[in-house]
Amino acid sequence: MKKSVLTVMAASAMWLGAGTVSAQEENGFQKMDVRKDFTENGFQWFHDAEILAAGNEEQHNAMTIGWGGIGTLWGRTAMTVYVAEQRYTKKFMDESAYFTVMAFDVAHSKVLEYMGSKSGRDGDKAAALGLHTAYTENGTPYYVEADLVIECRTMYAAPFDPQYFKDDVPKRMYANFPAGLHSMYIGEVVNAWKKP
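Residues numbered from 1 in each chain as written. Predicted model: local features only at pLDDT ≥ 70, side-chain atom pairs only at ≥ 80, totals over all residues. Heavy atoms only, no water.

Asker: Would you take a moment to explain the overall build of the protein for this structure?
Answerer: Check the secondary structure of the protein and you find 7 helices and 10 strands. Each of the 196 residues in the protein was classed as buried or not, and the buried ones make up 48%. Restricting to contacts in the protein with at least 6 residues of sequence separation, those with at least 24 account for 75%. Carbon and sulfur atoms make up 49% of the accessible area of the protein, which amounts to about 9600 Å² in all. (Helix = DSSP H or I, 4+ residues; strand = E, 2+ residues; numbered from the N terminus. Buried < 20%, exposed > 50% of the residue type's maximum accessible area, 1.4 Å probe, protein only. Contact = heavy atoms within 4.5 Å. Areas by Shrake-Rupley, 256 points an atom, 1.4 Å probe, with all protein chains shown as cover.)

Here is the structure:
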């Protein structure tokens, strides 16, 4: 389900100003430059499903995502993710300045399944999976068991507006979609780490 060896896109050195946090080095992660080290197919990467997390040390949540994009916007290395209106993670995305996107290897495929089928409203999903939460220098949650962590600072967030749907693809998608319309979050990639 997930690639066994993962590398990721990231910001150039001038945009990685936050620096590597010592705790992340201790957790087995190494700093990476996503512009140089991301070798996966950007069109395929989200299709394989990743984990999105937002919040802080007091409260946070994570969920599986299969929609997203990576590229350049406003002169910044950017990542776009989408969260539906009824998802518990949405409130954390709306209240937080940063979010993380994580990739897990095939040995952790149950993480993707569980995070995508259970709600954080009903309990601590990370604890149920035996995952260990750590925090970046910016206080953004991530899981030590991930293979790759990309931290983004939100630059733009807005819900989809049906009046701007130009064809039947989104219209059909939301005709009977119980979780509600998605919101789009565009984040500048400020940090990225991978397991060696």
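Asker: What exactly am I supposed to notice about the environment of Asn56 here?
Answerer: Considering the arrangement of structural elements, one finds Asn56 in the loop between strand E2 (50-55) and strand E3 (60-65). For Asn56 and Asn138, which are 82 residues apart along the polypeptide, the C-alpha to C-alpha distance reads 9.1 Å. Dropping the residues within four chain positions of it, Asn56 is found in contact with Tyr135 and Gly139. Within the local environment of Asn56, its side chain forms a polar contact with the backbone nitrogen of Glu58, the two atoms lying 2.9 Å apart. (Polar contact = N/O pair within 3.5 Å; in protein donor to acceptor, adjacent residues only side chain to side chain.)

Asker: Would you explain the pairing of strand E5 (residues 76-84) in this entry?
Answerer: Residues in a regular strand project their side chains so that they alternate between the two faces of the sheet. Among the 9 residues that make up E5, 7 are buried, leaving the element largely enclosed by the rest of the structure. Connecting strand E4 (residues 68-73) to the next strand, E5, in antiparallel fashion are 2 residues, including Trp74 with a positive phi near 55 degrees. As paired elements, E5 and strand E10 (residues 182-194) share 7 bridges and run antiparallel to each other. From the neighbouring strand, Thr80 faces E10, where its bridge partner is Ile186. (Pairing = 2+ DSSP bridges.)

Asker: It is not clear to me how the layout of surface pockets should be interpreted in this structure. Could you clarify?
Answerer: Over the atoms, a rolled probe matching the size of one water molecule traces out where space is still vacant. Space inside the largest pocket adds up to approximately 390 Å³. Lining the largest pocket are 25 residues, with Met63, Thr64, Arg87, Met115 and Gly116 sitting closest to its centre. Elements with a contribution of two residues or more to the lining of the largest pocket: E3, E5 and helix H5 (109-117). Of all the elements, E3 adds the most residues to the lining of the largest pocket, at 4 residues. Across the lining of the largest pocket, the residue classes break down as 11 nonpolar, 10 polar and 4 charged. Around the second largest pocket, the lining comprises 13 residues; the ones closest to its centre are His60, Asn61, Gly123, Asp124 and Lys125. Sorting elements by how many residues they give to the lining of the second largest pocket places E3 first, with 3 residues. In terms of residue class, the lining of the second largest pocket is built from 5 nonpolar, 6 polar and 2 charged. (1 Å grid on protein atoms, 1.4 Å probe; cavity = no way out; pocket = protein on both sides within 12 Å on 5 of 7 lines; lining within 4 Å. Points joined across faces, edges and corners; volume = space filled by probe spheres on them. Nonpolar A, V, L, I, M, F, W, Y, C, P; charged D, E, K, R; others polar.)

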